[in-house]
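Residues per chain are reported as follows:
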Amino acid sequence: MSRPFRHLLDIESLTRGEILTILGLAQKMWEVSERSVKKVPTLRGKTIVGLFLEASTRTRSSFELAGKRLSADVINISGSGSSTSKGETLLDTVKNLDAMSPDVIVLRHSSSGAPHFIASRVRCAVVNAGDGTHEHPTQALLDCATMMKHKGSLEGKTVAIVGDVAHSRVARSNIHALTKLGANVRVAGPRTLMPVDIGAMGATVFERVEPAITDADVVMVLRLQSERQEAGLIPNTREYSRYFGVNSRNIELAKPDAIVMHPGPINRGVELEPELADGSRSVILEQVTYGVAVRMAVLYLVAGGTLDEG
Ligand code: ASP
């Protein structure tokens, strides 16, 4: 069965088969990125607009490279350079962009639900590049691609997600993706940074890092999101690092071949010890590499390709 893949707004509404199909397509796209000429004509004549109304390095540049490797025309607009800084509403900005007939708008926004809100009001496809604390679907897809490269099937594997879960759209998207792919998901962090509904999403909640990472196949460390922090949630970063940081001592509790992941940007020495970030267990830069391939697959699908359900 196949259905048109109109938008990519979240992982929650995807099936396991859809996730695996995107990942399979990403694998083919990855091969394009490995060639000396990294370009195929697949999206020639298509237009992609990146609207990044919140800071971004990896996501923004990899969506742009992904579009260009598929031969689409890509433009990027950032918050400070757009009329939102003159008081224009998001909907007005997006409707004006839509009037220029792009095929895809890739939106990053600080409000949870912003991509869903605009998706029903424009003619083009919408891809969520991170909305507030809600979801970051392409990050979870690239994370799964990286985990599967190292671990094969994720069925029965244990993935520990550690840190500021409350403010992490990366954690939410990954919990949805990983539970659909059959992994055992554990989350650990201070009680003040743990959302109450997280257990209902299928993750096992730990208040301390050590039991959460014991025998884990994957340790995914989250950034402490200082820009979304209300006062008083953590005493200070030194104490946070002492109790919730992942380091070369506590990582020994994980499986001997456990990999260490981080979505970036890293607060070095806060949530993750620099030696571990740069060490042999780290797959952090591979995550970035897979980001381009996964975004190529997603852009291909929303710009007109079909998605076969497995
Ligand atoms: N880059 C990821 C995001 O935009 C992770 C982070 O910022 O902590 O959500």
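Residues numbered from 1 in each chain as written. Predicted model: local features only at pLDDT ≥ 70, side-chain atom pairs only at ≥ 80, totals over all residues. Heavy atoms only, no water.

1. So, the nonpolar core
One finds V104, V106, L141, M147, I161, L178 and L299 to be the most contacted residues of the largest nonpolar core, which totals 65 residues. Apart from residues no more than four positions distant in its own chain, M147 is found in contact with G152, L154, V159, N174, L178, V218, M220, I259 and M261. Core analysis: the next-biggest nonpolar cluster, separate from the first, contains 23 residues, A216, L233, I234 and V246 among them. (Core = buried A, V, L, I, M, F, W, Y, C linked by side-chain atoms within 4.5 Å. Buried < 20%, exposed > 50% of the residue type's maximum accessible area, 1.4 Å probe, protein only. Contact = heavy atoms within 4.5 Å.)

2. Remarks on the site of the ligand
Taken together, R108, H136, R169, V170, R223, Q225, P263, G264 and P265 make up all the residues around the ligand. At 2.7 Å from an oxygen atom of the ligand is found a side-chain nitrogen or oxygen belonging to R223. The separation between a nitrogen atom of the ligand and a polar main-chain atom of G264 is 2.9 Å. Here the ligand, which alone exposes 260 Å², has 92% of that area covered by the protein. By residue class, the composition of the shell around the ligand is 3 nonpolar, 3 polar and 3 charged. (Near = heavy atom within 4 Å. Polar contact = N/O pair within 3.5 Å; in protein donor to acceptor, adjacent residues only side chain to side chain. Areas by Shrake-Rupley, 256 points an atom, 1.4 Å probe, with all protein chains shown as cover. Nonpolar A, V, L, I, M, F, W, Y, C, P; charged D, E, K, R; others polar.)

3. A closer look at the packing of helix α1 (residues 16-33) against helix α5 (residues 137-151)
Where α1 meets α5, the axes come as close as 10 Å, and the angle between the chain directions of the two elements is 70°. Of the possible angle classes, the one that applies to α1 and α5 is roughly perpendicular. Taken together, the residues of α5 that come into contact with α1 (itself represented by I19, L20, I22 and L23) are L141, C144, A145 and M148. A breakdown of the residues in the contact of α1 with α5 according to their chemical character gives 8 nonpolar, no polar and no charged. (Axes fitted to C-alpha atoms, helices over the stretch in contact; angles between N-to-C directions. Helix = DSSP H or I, 4+ residues; strand = E, 2+ residues; numbered from the N terminus. Parallel < 35°, antiparallel > 145°, perpendicular 65-115°, else oblique.)

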